[in-house]
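In case you want the letters, here they are:
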Amino acid sequence: MGKSALVAHALDDLRPRSVWGTCWADAPGYWPWSQALSSLAAGHHGDPSVDDRGLLARVVPTLGVAAETTDPSRDRLLTFDAIARWLTRLAATEPLVVVLDDLQWADRSSLDLLDFLTRALHGVAVLFIGTARDDELPESSRATLAALTSRGEHIAITGLDEAEVHDVVAELAGETVAEQWAPSVHRRSAGRPFFVKELAVALAQGAGGTLPAAVRDAITIRLDRLGASCRDVLQTAALIGNEVHVELLVVVTGLQRAEVTTSLEQAECAGVLVAARFSHDLVRETLVSEQRLPERGGRHLRIAAAMAATQGPAHPPGEVARHFAEAIGLDGHQRAVAWALRAAEVDRNRLALSEAAKHLRVVRERSAAAGVLLPAAVHVELLVAEADALSRSGNPDEARALLELAWPIATRPQQKAAVALGVQSLGARFAMPRTPVIELLEQARVCAAGDDDLQAQLTAALARELAHSIPEHRAKAGPLSLHALDLARAPAAQLACLRARHDVLWTPGTGSDRQDLATRVVALADDLGDAEQRAEGLLLLANAQLEQGSPVFRYTLRLWSDAMEALGQPRHQYLLLTRRAALALLDGRLDTAESLIDDATTLGERIREPDTGNVRMSQRLALVQQRGDPDELRAFADEAVRWWVGAPVHAHAVAAGFLSRAGDLDATRRELNSVRELGGWRADTSYLWSVFIGQLAEAAVAVGDLEMCADVLDGLRPVVTSCGVNGAVVAFAGSLSQPAGAVAKALGLTDEGNGLLDQAAEVHTRLGACGIGSAGTGHAVLRRVGTTWSVAVGSSTASFADSKGLRDLAVLLSQPGVDVHVLQLTGAGLVQGAAGELADRSAIGAYRRRLLDLDEDEAVASDQHDLERATRLGAERDALLEELGRVTGHGGGSRAATGATAERARKAVSARIKEAIARLAATMPDAAASLDRSVVTGNWCRYRPDP
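**Student:** Sorry, what's going on with the overall build of the protein here?
**Tutor:** Looking only at helices and strands, the protein features 46 helices and 13 strands. A sequence separation of at least 24 residues applies to 64% of the contacts in the protein between residues at least 6 apart.

**Student:** Before we go on, may I ask you to explain helix 31 (residues 570–587) in this structure?
**Tutor:** Side chains of residues three or four places apart in an α-helix project in the same direction, reflecting 3.6 residues per turn. The terminal C-alpha atoms of helix 31, which comprises 18 residues, lie 26 Å apart, in line with the 26 Å expected from a rise of 1.5 Å per residue. Just downstream of helix 31 lies Gly588, where phi reads positive at about 85 degrees.

**Student:** Teacher, can you tell me more about the packing of helix 29 (residues 531–547) against helix 30 (residues 553–567) here?
**Tutor:** In the contact formed by helix 29 and helix 30, the axes pass within 8 Å of each other and the chain directions differ by 160 degrees. In this view, helix 29 runs roughly antiparallel relative to helix 30, as classed from their interaxial angle. Where helix 29 crosses over helix 30, the two elements pack in a sense that is left-handed. Between helix 29 and helix 30, the contacting residues are Ala531, Glu532, Arg534, Ala535, Leu538, Leu539, Leu541, Ala542, Gln545 and Leu546 on the first element and Phe553, Thr556, Leu557, Leu559, Trp560, Ala563, Met564 and Leu567 on the second. Class assignment of the residues belonging to the contact of helix 29 with helix 30 gives a composition of 14 nonpolar, two polar and two charged.

**Student:** In this structure, what is going on with the sheet that holds strand 1 (residues 17–22)? I would like to understand it.
**Tutor:** Paired through backbone hydrogen bonds, the strands of a sheet run either parallel or antiparallel to each other. Here we have three strands laid out as an open sheet, ordered 1-2-3, and parallel in their pairing. One side of each edge strand has no neighbouring strand; the edge strands of this open sheet are strand 1 and strand 3 (126–130). In this sheet, adjacent strand axes meet at a mean angle of 15 degrees when their direction is disregarded. Here strand 2 (residues 96–101) runs beside strand 3; their pairing, made up of five bridges, is parallel. Note that in strand 3 the partner of Leu100 across the bridge is Gly130. Contacting strand 1, strand 2 and strand 3, helix 4 (residues 72–91) runs over the sheet at an angle of about 120 degrees to strand 3.

**Student:** I tried to follow the packing of aromatic side chains on my own but got confused; where do I start?
**Tutor:** According to the stated counting rule, one finds four aromatic pairs in the structure shown. Of the aromatic side chains, those joined through ring pairs into one cluster are Tyr30, Phe80 and Phe116.

**Student:** Which parts of the structure should I look at to understand the sheet that holds strand 12 (residues 935–936)?
**Tutor:** Spatial strand order, 11-13-12: three strands in an open sheet with antiparallel pairing. Looking at the sheet topology across the chains shown, the edges are occupied by strand 11 (820–821) and strand 12. In this structure, strand 12 lies alongside strand 13 (residues 940–943), joined through two bridges in antiparallel fashion. Considered in strand 13, the bridge of Val935 is made with Tyr943. Where helix 41 (residues 804–813) meets the sheet, it contacts strand 11, strand 12 and strand 13, and its direction lies at approximately 70 degrees from that of strand 13.

**Student:** What should I look at first to understand the nonpolar core in this one?
**Tutor:** A general trend in soluble globular proteins is that nonpolar side chains are found buried together. One finds Leu234, Leu249, Val272, Phe278, Val419 and Leu458 to be the most contacted residues of the largest nonpolar core, which totals 90 residues. Ignoring anything within four residues of it in the chain, the contact list for Leu249 reads Val233, Thr236, Ala237, Ile240, Val244, Gly254, Val260 and Leu264. Grouped together as the second largest cluster of nonpolar side chains are 44 residues, Ala535, Trp560, Tyr574 and Ala593 included.

**Student:** Help me understand a nonpolar patch on the surface, please; the structure alone is not making it clear to me.
**Tutor:** Where nonpolar side chains cluster on the molecular surface, the patch consists of Leu6, Ile155 and Ile157 and spans about 290 Å² of accessible area. Ile155 gets classed as exposed once you look at its relative accessible area, which sits at 62%.

**Student:** Where do I start with helix 9 (residues 193–204) in this structure?
**Tutor:** Helix length check: helix 9, at 12 residues, gives a terminal C-alpha distance of 16 Å against a target of 16 Å (1.5 Å per residue), a fit within 8%. Burial analysis of helix 9 places nine of its 12 residues in the buried class, which makes it a mostly covered element. For helix 9, every residue scored as buried is listed here: Pro193, Phe194, Val196, Glu198, Leu199, Ala200, Val201, Ala202 and Leu203. Two residues or fewer after helix 9 comes Gly206, characterised by a positive phi angle close to 85 degrees.

**Student:** Just to check I follow, could you spell out the pairing of strand 6 (residues 723–726) for this structure?
**Tutor:** Across a regular strand the side chains alternate sides, sitting on one face of the sheet and then on the other. Residues Cys723 and Val725 point to one face of strand 6 and Gly724 and Asn726 to the other, with burial holding for every one of them. Two strands pair when backbone bridges link them, and strand 6 and strand 7 (residues 731–735) are joined in this way by four bridges, in the antiparallel orientation. Each bridged residue has a counterpart across the sheet, and for Gly724 the counterpart in strand 7 is Gly734. Hairpin geometry of strand 6 and strand 7 is characterised by an intervening segment of four residues between the two adjacent antiparallel strands and by a positive phi of about 70 degrees at Gly727.

**Student:** Would you mind showing me how to read unusual backbone geometry here?
**Tutor:** A negative phi angle characterises most non-glycine residues, just as the trans form characterises most peptide bonds. We note that Arg15 has phi near 50 degrees; this positive angle belongs to a residue other than glycine. Relative to the assigned elements, Arg15 resides in the loop between helix 1 (3–14) and strand 1. Accessibility expressed as a relative area gives 64% for Arg15, which makes it exposed. Within the chain, Tyr30 stands out as a residue other than glycine whose phi angle is a positive 65 degrees.

**Student:** Whenever I open this one, the pattern of salt bridges confuses me. Can you help?
**Tutor:** Any two side chains of opposite charge can pair, so long as their charged atoms come close to each other. As enumerated under the stated definition, the model contains 50 salt bridges in all. The residue Asp101 makes a salt bridge to Lys3 at a minimum N-O spacing of 3.7 Å. With a gap of 98 residues between them, Asp101 in strand 2 and Lys3 in helix 1 connect regions that are remote in the sequence. The residues Asp101 and Lys3 share a single accessibility class, namely buried. With its nearest N and O atoms 4.0 Å apart, the salt bridge here joins Glu94 to Arg17. Highlighted residues: Glu94 in the loop between helix 4 and strand 2 and Arg17 in strand 1, separated in sequence by 77 residues. Judged by relative accessible area, which is 36%, Glu94 ranks as partly exposed. With relative accessibility at 7%, the residue Arg17 sits in the buried group. By sharing partners, the salt bridges in this structure join Lys3, Asp101, Asp102, Glu243 and Arg277 into a single network.

**Student:** What should I look at first to understand a negative patch on the surface in this one?
**Tutor:** A cluster of acidic residues, Asp161, Glu162, Glu164, Asp167, Glu171, Glu175 and Glu179, forms a negative patch at the surface. For the negative patch, the elements supplying multiple residues, two or more each, are helix 7 (162–173) and helix 8 (175–189). Examining the composition of the negative patch, we find that four residues originate from one element, helix 7, more than from any other. Structurally, the position occupied by Glu179 is in helix 8. According to the relative accessible area criterion, Glu179 is exposed, its value standing at 53%.

**Student:** I tried to follow the environment of Leu854 on my own but got confused; where do I start?
**Tutor:** Position of Leu854 among the secondary structure elements: in helix 43 (residues 841–863). Taking the C-alpha atoms as reference points, Leu854 and Arg877, separated by 23 residues in sequence, lie 6.6 Å from one another.

**Student:** I keep staring at the confidence of the model for the protein and nothing clicks. Help me out?
**Tutor:** A low pLDDT score tells you not to read the predicted coordinates there in detail. Per-residue confidence for the protein averages 84 on the pLDDT scale, and 89% of its residues sit at or above 70. Across residues 829–839, confidence stays below pLDDT 50; counting only partners more than four residues off in sequence or on other chains, it has 38 contacts.

**Student:** Any chance you could explain the packing of helix 37 (residues 689–703) against helix 39 (residues 737–746) here in plain terms?
**Tutor:** How two helices pack is summed up by the angle between their axes together with the distance between the axes. The interhelical angle for the contact between helix 37 and helix 39, taken along N-to-C directions, is 25 degrees, at an axis separation of 9 Å. Taken together, helix 37 and helix 39 sit at an angle that is classed as roughly parallel. Where helix 37 crosses over helix 39, the two elements pack in a sense that is left-handed. On helix 39, the residues touching Gly694, Ala697 and Val701 of helix 37 are Pro739, Ala742, Val743 and Ala746. Taken together, the residues that form the contact of helix 37 with helix 39 break down as six nonpolar, one polar and no charged.

**Student:** How should the side chain of Asn726 be read in this particular structure?
**Tutor:** As for its placement among the helices and strands, Asn726 is situated in strand 6. Residue Asn726 is classed as buried on the basis of its relative accessible area, which comes to 4%. Of note is the side chain of Asn726, whose polar atom sits 3.3 Å from the side chain of Ser618.

**Student:** Would you explain the environment of Ala710 in this entry?
**Tutor:** Within the fold, Ala710 resides in helix 38 (residues 706–716). Note: C-alpha distance between Ala710 and Ala740 (30 residues apart in sequence) is 9.8 Å.

**Student:** What exactly am I supposed to notice about the side chain of His166 here?
**Tutor:** Tracing the backbone shows His166 in helix 7. Every residue in contact with His166, bar those within four places of it in the chain, is listed here: Glu175, Ala178, Glu179 and Ala182.

**Student:** So what exactly am I meant to see when it comes to the environment of Leu485 here?
**Tutor:** Within the element layout of this structure, Leu485 appears in helix 26 (residues 477–487). When the C-alpha positions of Leu485 and Ala456 are compared, they lie 6.9 Å apart, and in sequence the two are 29 residues distant. In contact with Leu485, not counting residues within four places along its chain, are Cys497, Leu498 and Arg501.

What counts as what
- The residue numbers shown here count from 1 along each chain, following its written sequence.
- Two thresholds apply to this predicted model, a pLDDT of at least 70 for residue-level local features and 80 or more for giving and counting side-chain atom pairs, whereas whole-chain, interface and lining totals are computed over all residues.
- With hydrogens and water set aside, each side-chain value is computed from the structure's full complement of heavy atoms.
- Strands are runs of DSSP state E lasting at least two residues, helices are runs of H or I lasting at least four, and both sets are numbered from the N terminus onward.
- When checking whether two residues touch, look at their non-hydrogen atoms; a contact exists if any pair is within 4.5 Å.
- Expected helix span is taken as 1.5 Å per residue step, with the number of steps being one fewer than the number of residues.
- All axes are obtained by fitting lines to C-alpha atoms, using only the stretch in contact for helices, and the reported angles, taken between N-to-C directions, cover 0 to 180 degrees.
- Any angle that is under 35 degrees is reported as roughly parallel, and any over 145 degrees as roughly antiparallel; angles of 65 to 115 degrees are reported as roughly perpendicular and all others as oblique.
- The handedness criterion is simple: a crossing whose near helix is rotated anticlockwise from the far helix by less than a right angle is left-handed, and one whose near helix is rotated clockwise is right-handed.
- We call Asp, Glu, Lys and Arg charged. Ala, Val, Leu, Ile, Met, Phe, Trp, Tyr, Cys and Pro are nonpolar, and the rest, Gly among them, are polar.
- Strand pairing is assigned whenever DSSP identifies at least 2 bridges connecting the two strands.
- Between rings of Phe, Tyr and Trp, where Trp is taken as its six-membered ring, a pair exists when centres lie within 6.5 Å; planes separated by under 30 degrees are stacked, by over 60 edge-to-face, and by other angles tilted.
- Each nonpolar core is a collection of buried residues, namely Ala, Val, Leu, Ile, Met, Phe, Trp, Tyr and Cys, held together in the definition by side-chain atoms within 4.5 Å.
- Note on classification: 1.4 Å probe, protein chains only; a residue is buried when its accessible area is under 20% of the maximum for its type, exposed when over 50%, partly exposed between these limits.
- Grouping into patches uses exposed residues only, defined as over 30% relative accessible area, and leaves out salt-bridged ones; the cut-off is 9 Å for like charges and 5 Å for nonpolar side chains (Val, Leu, Ile, Met, Phe, Trp, Tyr).
- All accessible areas in this document rest on Shrake-Rupley with a 1.4 Å probe, and a residue is counted as covered only by the protein chains that are shown.
- In what follows, salt bridge is the name for a side-chain nitrogen of Lys or Arg lying within 4 Å of a carboxyl oxygen of Asp or Glu.
- Working convention for charge: Lys and Arg count positive, Asp and Glu count negative, and His plus the chain ends are omitted.
- Positions of charges follow a simple convention, taking NZ of Lys, CZ of Arg, CG of Asp or CD of Glu.
- The predictor's confidence in any single residue is recorded as pLDDT, a number from 0 to 100.
- Side-chain atoms alone can form a polar contact between residues adjacent in sequence; in general such a contact is a pair of N or O atoms within 3.5 Å, and within protein one must be able to donate a hydrogen while the other accepts it.

And the structure:
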């Protein structure tokens, strides 16, 4: 009649090998999978491999002892993969159907496993059938289920129409009753099969049409036909869940096994149970709601005690915790809290983070509802643990609210420290005052007097907050970080102190020292088995290597990326997207970078990552600068001043650099004056320094501000062997010798300037920094980067969209002093005289040899499933065929070029070169003027280098 009955009927007809798992509210993580896969294991359909049993036991406790969790994200993936292998092995001998019923109540981890298996199992004879009530789906599950539906077939069960309702009522209550009541039943039930059936049963029993709370009354009528003993057994069973556990019922009810079995048989005959499960969840809900609170609490307590006593895999900690929480009014808080913490730990290790937080929330809510006052220490422990699970699952705002509740009731030093460190771990926006968390850490330090390791951790946390706060706070950070290192004895405290010392030293020119600290962080985190701290250490190590111009940073960043993939939590995915964007910017893949920046921002805002806006602005700074579009440069300059209110020097320096690139020199002077009036820019040595010093150099050179040039050069000389990196590999700002070389030349120090520019060019080449323009003493560079052209003149850089005019310029600039015919620039090949053959025979032969090579390469790419490469090769092949057809006549010989063809080519080439130089003039007027003087166009074109 309904979704579950429909599936059961279909499977009964087909009789495949099938297993069921039923979801329900408040169940522990992976509950439906535990049921379904336990049935497979019990049926001996095919035992899993010995190597996989420990992994599978995390979800299927009946398989034995679960493998120890060391790296939660990696272990979760290995568990999912083990389940996929087991199902694949089983389906090799006989098709398998897995039914997951009532997915509207599925826990997040169960949906993630289903999502993984539907992606991972290709060509495997496994059918997954999921049922759900659309109108009861939580918003958090809709997107996942929509994605799953898109990979399968969605069968929407609509209400029965009036004729079908008539048939149902006639079958259950007789034709006469159907003639009278079927229209009413259809109207009142909206044709929902379960409602129709229950109303029809009520009609058959003479209830007529007077049914307040129709469905519940219909169920109650059916239940009333059962004896008191049977009703008692069912009420207990309803509290346990949808599945009926005979042995547990025997223990809890105190009845003999035969008595329990007889009661369950009566319920099956009455249609209340079907195959040892409640026929519908509304039946179970009705049985629960009719129990008075003291009676219900007593049953929950007996169930919890029985489950706890067995300590078996059939009763996971989450189930025991739920029942103790429901009985907290009778039993007190001790066992309820202990089991909630234990259940949360189990789910946290399985990365079911939302479920872990839920165990802790439920016990708090049940204690409040029952009027049970939790001791302050217990309450704080619950709040801190719940906040940690929430923050890891991507809900920092909810976590912060819980910690705010915990602070006033925390009295002991350890409690104060736990709350303060919890708040600090949530993060904050860089270069903004962090007064609340600083005050919290200061108060916790006072409370922790006498406990060196606790003092060390709190002092280290305070030093980090001060280092990342506003400039006037940073001077206090250094002494605190050294004091913390002196105090620390325990490895965990030492790790926190090393991180703090690194952040305090985070300024240009300290890359070597910070590389040593980051290496120690990675080693110590390895010893402690702390995968998250190890990953953070790797990122800091990669950053220090990049600052020192070492290409090894790419290898370290790959190690970090692998570690983050294994951790797999929302914040880790956000960090991965941002660093992939940083690499794309460094490599000059601007379209890819922009897409990654947008994706990261969307995810960061969804999980409320506090520094999302700062990271976006820092990466857009690099993106807009490389594009070089004047309008975009001006818009970003305005946005920078509005955004970086906590770092005004940085904001106005960025605005000055961008406005100078856009050619707005008066506005550039105003921004430089703002930097002067603000003062303190020489002393602001945060990791933003390397970004704004480069912008100051750009602006000062552009407007001829020699005083600022001299100040900038004084600041840069001690660190010209370093590179600027915004944040921890958020965006590469280039070798600091580049802006130093530009200001040196502006000051007339030509030899020093040229040497520094050559040094910058060498560093950028070594790093593969295609996205960073750097000219050596040759003064100017025009380079193709993906679908854009990068232009660098001295320290000035700009990027332009691809055009035929820029391609023509590139051909001419690569052959200074050489005459190039317009037909060659338009793609016609070698030319004999002004109107000779379009392509000589050697060129035609080269075309044909290249076509053969492309055929082979395209076949290899197809075999390797490299779609991107195959598409690119195919496009080149099509272009060659078109060109070969254009330049060859009948018989494959070369086609002659007419005078008209050459004249059309001359006009086209002249116009597009002129347009390309005009585009350059908007941002690089001197370079454009030089090209205008030195590029000659006509039938023959030439680049005559400007001395």
